[in-house]
Amino acid sequence: MGRRNMAESPMADDGPTPEQQADYLVRKLEQTIRDNRTVKGMSFRTWQTIAREEIINALRSAERRRMRHDQSTSRALLIVAASLVSIGFWGAVVAADRSYGIWAALVAAVGGSALFFVAADWGIKRTSGGWSKKKREERLANIEDLDRRIKRMEDALRKKEERLKEKMEEVGLL
């Protein structure tokens, strides 16, 4: 699809890019207009209502993704900070008095495993985010290809209709 700007947030991997979302909205509105058109066409007020709903849904979706990303980041930072403070505190206790060594080892093990799980979760999300981004791009490419084929078919049908009308006029049926 497009190159990713280095200044973009890592959250961009969580959902479609603005360009992809805009392309999707345009296609969806185009399909809605085609489905709801009449001989006169679609009223502008109806089109505005449909467009407004689609844009609101897209903005809400982006806001939900941003909020989930912020929550995940906050939770991870809280766990990392709590783990490091606990390990540091109990390390200082052991340095002062070795009789608490078993408790310090236990707290350090719990804190270390919490750090490990946060890092593993981050790595898994990063990997699955890249995989889902690749799949999403493939699906969007397939949709674009299907859209192009449908438009070619519509053009071919229009041309065929015109040829048939011309033949019918030649024969005198029209």
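Residues numbered from 1 in each chain as written. Predicted model: local features only at pLDDT ≥ 70, side-chain atom pairs only at ≥ 80, totals over all residues. Heavy atoms only, no water.

### Structural notes on the overall build of the protein chain
Convention followed: Starting at the N terminus, helices and strands are each numbered in turn, a helix being any DSSP run of H or I of at least four residues and a strand any DSSP run of E of at least two. Any residue under 20% of the maximum accessible area for its type is buried, any over 50% is exposed, and the rest in between are partly exposed; the area is computed with a 1.4 Å probe on protein chains only. Every residue pair with non-hydrogen atoms within 4.5 Å of one another is taken to be in contact. Here the Shrake-Rupley method, with its probe set to 1.4 Å, supplies the accessible areas, and only the displayed protein chains count as covering residues.
The helix and strand inventory of the protein chain stands at three helices and zero strands. Starting at the N terminus and walking to the C terminus, you meet the elements of the protein chain as α-α-α. The proportion of buried residues among the 174 residues of the protein chain is 14%. Considering only contacts within the protein chain whose residues lie at least 6 apart along the sequence, 65% involve residues at least 24 apart. Total accessible area computed for the protein chain in this model is approximately 13,900 Å², and 61% of it derives from carbon and sulfur atoms.

### As for the environment of R27
Locating R27 in the fold gives a position in helix α1 (residues 18–36). Distance from R27 to I143, taken between C-alpha atoms, is 9.5 Å for residues 116 residues apart in sequence.

### Topic: the side chain of S83
For the record, the criterion: Within 3.5 Å is the distance limit for a polar contact, defined as a pair of N or O atoms, with the added protein rule that one can donate a hydrogen and the other accept it, and that residues adjacent in sequence qualify only through two side-chain atoms.
Within the fold, S83 resides in helix α2 (residues 44–96). A distance of 2.8 Å separates a polar atom in the side chain of S83 from the backbone oxygen of I79. Excluding residues that lie within four positions of it along the chain, S83 makes contacts with G111, A114 and L115.

### Digging into the confidence of the model for the protein chain
Selection rule: Each residue carries a pLDDT score, the predictor's own confidence in it, on a scale running from 0 to 100.
Counting all residues, the mean pLDDT for the protein chain is 79, and 87% of those residues have values of 70 or more. The least confident element of the protein chain is α1, whose mean pLDDT is 76; the most confident is helix α3 (residues 101–171), at 86. Below a pLDDT of 50 lies the segment residues 1–12, which in the model reaches 14 contacts outside its immediate sequence neighbourhood of four places, other chains included.

### A few points about a nonpolar patch on the surface
Basically, it comes down to this: Each patch is built from residues lacking any salt bridge and having more than 30% relative accessible area; the joining distance is 9 Å for like charges and 5 Å for nonpolar side chains (Val, Leu, Ile, Met, Phe, Trp, Tyr). By definition here, a salt bridge exists when the distance from a side-chain nitrogen of Lys or Arg to a carboxyl oxygen of Asp or Glu is within 4 Å.
There is a patch of nonpolar side chains on the surface, built from Y100, I102, W103, L106 and V110 and spanning about 570 Å² of accessible area. Mapping I102 onto the fold places it in helix α3. Take I102: its relative accessible area is 64%, and that puts it in the exposed class.

### Observations regarding the packing of α2 against α3
Keep this limit in mind: Fitted lines through C-alpha atoms give the axes, limited to the stretch in contact for helices. The angle between two N-to-C directions lies from 0 to 180 degrees. Small angles under 35 degrees read as roughly parallel and large ones over 145 as roughly antiparallel, with 65 to 115 read as roughly perpendicular and the rest as oblique. Crossings are assigned a handedness: left-handed for a near helix turned anticlockwise from the far helix by less than a right angle, right-handed for a clockwise turn. Residues were grouped as follows: Ala, Val, Leu, Ile, Met, Phe, Trp, Tyr, Cys and Pro as nonpolar; Asp, Glu, Lys and Arg as charged; and all remaining residues, including Gly, as polar.
Look at α2 against α3: their axes get within 9 Å of each other, and the N-to-C directions meet at 155 degrees. With respect to each other, α2 and α3 are oriented roughly antiparallel. α3 is crossed by α2, and the crossing has left-handed handedness. For the pair α2 and α3, the contacting residues are S72, A76, I79, V80, S83, L84, S86, I87, W90 and V94 in the first and G101, W103, A104, V107, A108, G111, G112, A114, L115, V118 and K125 in the second. Residue composition of the contact of α2 with α3, grouped by class: 14 nonpolar, six polar and one charged.

### Notes on a negative patch on the surface
Using the following cut-off: Working convention for charge: Lys and Arg count positive, Asp and Glu count negative, and His plus the chain ends are omitted. Each charge is placed at NZ for Lys, CZ for Arg, CG for Asp and CD for Glu.
Where like charges cluster on the molecular surface, the negative patch consists of E162, E166, E169 and E170. For E162, the position within the fold is in helix α3.

### What about the packing of aromatic side chains?
For any two aromatic rings, the description comes down to two numbers: the centre-to-centre distance and the angle of the planes. Here is the rule: Stacked, tilted and edge-to-face are the three classes assigned to paired rings of Phe, Tyr and Trp, where Trp is represented by its six-membered ring and a pair needs centres within 6.5 Å; plane angles under 30 degrees give stacked, over 60 edge-to-face, the rest tilted.
Applying the stated criterion across every chain, the model contains two aromatic pairs. Both rings, one in F89 and one in W90, keep their centres 5.5 Å apart while their planes meet at 85 degrees; by these two values the pair is edge-to-face. On the basis of relative accessibility, which here comes to 23%, the residue W90 falls in the partly exposed class.

### Things to note about α3
Heads up, the rule is: Here the expected length of a helix is defined as 1.5 Å per residue gap, with one fewer gap than residues.
An ideal rise of 1.5 Å per residue puts 105 Å on 71 residues; α3 measures up with 103 Å between its terminal C-alpha atoms. Regarding α3, the residues found buried are A104, G111, V118, G129, K133, R136, L140 and D147. A positive backbone phi angle near 100 degrees is found at G172, which sits one or two residues after α3.

### Topic: a positive patch on the surface
A surface patch of positive charge is lined by R52, R60, R64 and R68. Structurally, R60 is set in helix α2. You can call R60 exposed: its relative accessible area is 51%.

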